[in-house]
Amino acid sequence: MTTTEFDAKAADSGAGATAAFLKKQGAGADTPPERVSQLATEVITAVHDVVRRHGVTYAEYDAVKSWLINVGQDGEWPLFLDVWIEHVVEEVANAHHQGNKGTIEGPYYVPDAPVVGARGPLPMRDDEAGTPLVFSGQVRDLDGTALPGAKVEIWHADANGFYSQYAPGLPEWNLRGTYLADEEGRFEITTVRPAPYQIPTDGSCGKLISAAGWHAWRPAHLHLKVSAPGKDLLTAQLYFPGDAHNDDDIASAVKPELVLDPQPAADGTGETVVYDFVLDPE
Ligand code: MBD
Ligand code: FE
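These numbers were taken from a predicted model, which means no experiment stands behind them.

Conventions we followed
- Residues numbered from 1 in each chain as written.
- Chains lettered and ligands numbered in written order.
- Predicted model: local features only at pLDDT ≥ 70, side-chain atom pairs only at ≥ 80, totals over all residues.
- Heavy atoms only, no water.
- Pairing = 2+ DSSP bridges.
- Helix = DSSP H or I, 4+ residues; strand = E, 2+ residues; numbered from the N terminus.
- Patch = residues over 30% accessible without salt bridge, like charges linked within 9 Å, V, L, I, M, F, W, Y side chains within 5 Å.
- Areas by Shrake-Rupley, 256 points an atom, 1.4 Å probe, with all protein chains shown as cover.
- Salt bridge = Lys/Arg side-chain N within 4 Å of Asp/Glu carboxyl O.
- Buried < 20%, exposed > 50% of the residue type's maximum accessible area, 1.4 Å probe, protein only.
- Donors = N, O, S within 2.8 Å, 3.2 Å for Na, K, Ca; no water.
- Core = buried A, V, L, I, M, F, W, Y, C linked by side-chain atoms within 4.5 Å.
- Contact = heavy atoms within 4.5 Å.
- Axes fitted to C-alpha atoms, helices over the stretch in contact; angles between N-to-C directions.

Student: Which residues make up the pairing of strand E6 (residues 186-192), and what are the values?
Tutor: The sheet contact formed by strand E2 (residues 119-121) and E6 spans 3 bridges and is parallel. Bridge pairing in E6 links Arg119 to Glu188. Here strand E3 (residues 132-141) pairs with E6 via 7 bridges, running antiparallel. Counted as the bridge partner of Val134 is Thr190 from E6.

Written out as structure tokens, the structure reads:
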């Protein structure tokens, strides 16, 4: 039997996301003890308050204890944190931005994707499924000055909702690439429309979702990181109008400014969309 992407399991993507995260530089190590104490105390006290207010039982305490153990065993801490917590960290971190709105990174970014140039197709399979999409734009600073050589990194799920390197059977860099804007700060990305994305339902996060009667869906989205020397890195996602989950994203990461306006391509083969990025100073 050959392995197909349809064999993707929560444990595969979870373990991959955990290993990838642990490779990143450890941050926060220089947080002073007073701040660690204050933040940890407030989180713990918030949990105490919930226990008292709702009369949490021993059975419920044990259920949570085993669920927390399983989140780690499934490698789903990156998924859990990025789905339910990251959006508020992003809100606080970027509240001062005057340029483009950003949103969460999520668990599936991989640095150093192949460089395409200013224009061209993302790495993809010859028969890559999905509506063809040509996405062009310009990168500028707050004054409107173009940023030649700006870096536009893009990654997104395929038409089945799978990310390369986090699901088996996909080419290593499928639908991941790095663009370098031209002398006018312009780029043009040829890809396919991603599908709406369901977070894994067979792991611990899925268990929480079904136990709570929630749904597991994120709207279809493109992930981006846009950067230039002297500018704040912009991490964003772009969405498609009319997606059923734009209004109830499980990860709470949709903002109206991040919804694209695709148009039918002149040659009838798919869609084109223009979206510009404005970067704040560092
Ligand atoms: C994703 O693709 C994603 O973008 C987020 C935030 C969480 C889980 C999967
Ligand atoms: Fe995603």
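Student: Can you explain a nonpolar patch on the surface? Please cite residues and give values.
Tutor: Judged by side-chain polarity, Val43, Val47, Val50, Val51, Val56, Tyr58 and Tyr61 come together as a nonpolar surface patch covering roughly 660 Å² of accessible area. Mapped onto the nonpolar patch, the elements with two or more residues apiece are helix H2 (33-54) and helix H3 (58-73). Looking at which element gives the most residues to the nonpolar patch, the answer is H2, with 4 residues. Relative to the elements of secondary structure, Tyr58 occurs in helix H3. Here Tyr58 falls in the exposed class, since its relative accessible area comes to 68%.

Student: Could you give an account of the coordination of the iron ion (ligand 2), naming the residues involved and the relevant values?
Tutor: Within the protein, the iron ion (ligand 2) binds to Tyr163 (OH), His221 (NE2) and His223 (NE2); these donor distances fall in the range 1.9 to 2.1 Å. Mapping the donors of the iron ion (ligand 2) onto the primary sequence gives the spacing Y-x57-H-x1-H. Pair noted here: Tyr163 is in the loop between strand E4 (151-156) and strand E5 (176-180) and His221 is in strand E9 (residues 221-227), with a separation of 58 residues, a long-range link. Here Tyr163 falls in the buried class, since its relative accessible area comes to 4%. When its relative accessible area of 3% is taken as the criterion, His221 is described as buried.

Student: Give a detailed account of the nonpolar core, specifying residues and quantitative values.
Tutor: Among the nonpolar cores identified, the biggest contains 53 residues, and Phe135, Val139, Ile199 and Phe277 are the most heavily contacted of them. With sequence-adjacent residues up to four places away left out, Ile199 is seen in contact with Leu79, Val83, Trp84, Cys205, Ile209, Ala216, Arg218 and Ile250.

Student: Can you tell me about unusual backbone geometry, naming the residues and giving the values?
Tutor: Of note in this structure, Asp112 is not a glycine but carries a positive phi near 65 degrees. Within the secondary structure, Asp112 is located in the loop between helix H5 (86-93) and strand E1 (115-117). The residue Ser252 is not glycine, and still its phi comes out positive at about 50 degrees. Examined against the element boundaries, Ser252 turns out to sit in the loop between strand E10 (234-239) and strand E11 (263-264).

Student: Kindly report on the sheet that holds E9, identifying the contributing residues and their values.
Tutor: The 5 strands lie next to each other as E1-E5-E4-E9-E10, forming an open sheet whose pairing is mixed. At either end of the open sheet lies a strand with only one pairing partner, and these are E1 and E10. Each strand of the sheet is rotated relative to its neighbour by a mean of 25 degrees, with strand direction disregarded. Of the strand pairs in this sheet, E9 and E10 are connected by 6 bridges, and their pairing is antiparallel.

In short, shape yes, function no, at least from these values alone.
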